[in-house]
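A structural walkthrough
Each chain is listed here by its residues.
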Amino acid sequence: MEWSLSSLTYNGSISEAIHQPSSISTKLSFFSQNPSPILYRYNPNKPFFKTSISCSLHQHQHQRSRPEYVPGRISDPNYVRIFDTTLRDGEQSPGATLTSKEKLNIARQLAKLKVDIIEAGFPAASKDDFEAVKTIAKEVGNVVDEDGYVPVICGLSRCNEKDIKTVWEAVKYAKRPRIHTFIATSDIHLEYKLRKTKQEVIEIARSMVKFAWSFCHDVEFSPEDAARSDREFLYEILGEVIKAGASTLNIPDTVGITMPSEFGKLIADIKANTPGIENVIISTHCQNDLGLSTANTIAGAVAGARQLEVTINGIGERAGNASLEEVVMAVKCRGDHALGGLYTGINTRHIVMASKMVEDYTGLYVQPHKAIVGANAFAHESGIHQDGMLKHKGTYEIISPEDIGLERSNEAGIVLGKLSGRHALKDRLKELGYELDDEQLGIIFWRFKAVAETKKRITDADLIALVSDEVFQPELVWKLLDMQVTCGTLGLSTATVKLIGADGEEHVACAVGTGPVDSAYKAVDLIVKEPVTLLEYSMNAVTEGIDAIATTRVLIRGDNNPTSTHAVTGETVQRTFSGAGAGMDIVVSSVKAYIRALNKMLGFKDQLQTKTSKERATVSA
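Residues numbered from 1 in each chain as written. Predicted model: local features only at pLDDT ≥ 70, side-chain atom pairs only at ≥ 80, totals over all residues. Heavy atoms only, no water.

Per an unreviewed UniProt entry, the chain goes by 2-isopropylmalate synthase and derives from Acer yangbiense. Within the UniProt record for the chain, the comment given under Pathway (unreviewed entry) is "Amino-acid biosynthesis; L-leucine biosynthesis; L-leucine from 3-methyl-2-oxobutanoate: step 1/4." (UniProt positions renumbered as here; feature names shortened; annotations may be inferred.)

The structure is reproduced here in structure tokens:
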């Protein structure tokens, strides 16, 4: 007779458990058809002691509910808030400029994930950033689901009155607004960047937190470069901002220099030595310069932090931030068994869709071996691994792909090809996490049929590439209608390009270049008449074989480019714009990518001009 372990209670050492099994109080339940992943064939003469090694959703039948949101406190000491800063720190990645529409779409996807706090941006950076945060506060920050969930909408500010007022004007429309303000506290920043004494910095922090609290009673304070700051000074300034009204204290490892043991001790020391710390939530913000951001974040949570700052795909300054998917799945998989019962409120089934959306909007590709969301995360090539997977998936897989919204295979056995209909395509796209409206489905369907005419079988990678090429794109200013290129060793490369403008008028141009892509780009430039510099060009095949679909990414900067203020350094920086295109013809996909980068830049400039015109009209009135 076989039994599965439903629960186990034991107070004592593992050694005692192994040698004195009678000291373990167990509850065994008989199973018949659906065996648990952990089985025990009971033998009174053979003691045992085992722990769970898998974190599939089916093992968590009773999901714990999200505690009611209250600034500065959490009713369940094991609950960990997830603070997503993809739209602020993530957008600071080189080339990751997002339009207002893209930011809104990402914010909506973050709400599907049910992140606790969305840092929607740095409103003082530019007018566009301000409007984007304001729109997210209005449209995402007021949508309450059936469980009462609504995300906190946060904006970042430096410790000055102008920034704080700007943040409040942007986030005040949300049901749960938050102001996040910061100032550097490490000796190197005080001496070389701020050129201020410790007492001057304490006074600025105290007065600005108090100023922020006068607008909003949910204030987060960050001592920038906390990991390299003097401990006693850190305790003092944190104690002062608590008295001034801060309800969340974020502890950044700004340059990603700490080891997990060091960062965990930093959080523990702050918890033990900061006056009034019991009245606030401690948060972590770990950069990935040494590849330790996820490990440091988890170490911080174990040490007492109850808010974790992360980004989708780990994007962000330099080497990036702690990755939302890694941190969340680490807590989900190991929270009960290794992290003292920690848990989050994240709906993990929306992770893959969020990852793909951010990847396509920013143009920052996820490396194949990236944990959780990489293309190889659930691939098993080794013969030994494949043999184990065929016998039991738990041999080499601790996470079920379905848990993060990735379907392993089509359960109905449907293979998509040129004879497949719209309904079969819609069902497969839904399994992959794409909820498309009728118009979007119609566009994808005809692209799908065109590809299916030249390929025997359409893979999931093909479908994802097609959806990305159509759905995750900027609003149209210019659209590619037709193109023809001539190239080779017998003559100069020549391209003829036909574009259609926003007004519906067709434009044709011909140009000569060093190759087919160069000549096509020059032809596009003759039509668009917008001087730009091509900063990056890359291409990769998203599927296998000679008939693979290729995805191209470009990064451009306009010669008369819009600028914004960098959140951390305060420097004025030129914006760059990325574009992506996919297709079986690599020259066509290259031109699509270039046009989409141009569309993003032109749309961004048009938004700025429209807002400026409205402001002038208001002043005149």
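Here we come to the overall build of the chain. When helices and strands are counted, the chain shows 17 helices and 19 strands. Among the 621 residues that make up the chain, the fraction classed as buried is 53%. Sequence separation of 24 or more characterises 67% of the internal contacts of the chain that already satisfy a separation of 6 or more. If you sum the accessible surface of the chain, you get close to 29,000 Å²; carbon and sulfur atoms cover 53% of it. (Helix = DSSP H or I, 4+ residues; strand = E, 2+ residues; numbered from the N terminus. Buried < 20%, exposed > 50% of the residue type's maximum accessible area, 1.4 Å probe, protein only. Contact = heavy atoms within 4.5 Å. Areas by Shrake-Rupley, 256 points an atom, 1.4 Å probe, with all protein chains shown as cover.)

Let us now look at the pairing of strand β8 (residues 219–224). In terms of burial, β8 is a largely internal element, 6 of the 6 residues being buried. Residues V219, F221 and P223 line one face of β8 and the alternating positions E220, S222 and E224 line the opposite face, and both faces are buried. Of the pairings in the sheet, the one linking strand β7 (residues 177–184) to β8 comprises 6 bridges and is parallel in character. Counted as the bridge partner of I183 is P223 from β8. Both β8 and strand β9 (residues 248–253) contribute to a ladder of 2 bridges, which runs parallel. Its bridge partner lying in β9, F221 is registered against L249. A crossover connection joins β8 to the parallel β9 through helix α7 (residues 231–244); in handedness this β-α-β unit is right-handed. (Pairing = 2+ DSSP bridges. Right-handed = clockwise from strand over helix to strand, strands pointing away.)

Further remarks concern the confidence of the model for the chain. Averaged over all residues, the pLDDT of the chain equals 83, while 81% of them reach at least 70. Every residue in residues 57–61 scores below 50 in pLDDT, and together they form 10 contacts with partners more than four places removed in sequence or on other chains. (pLDDT = per-residue confidence, 0-100.)

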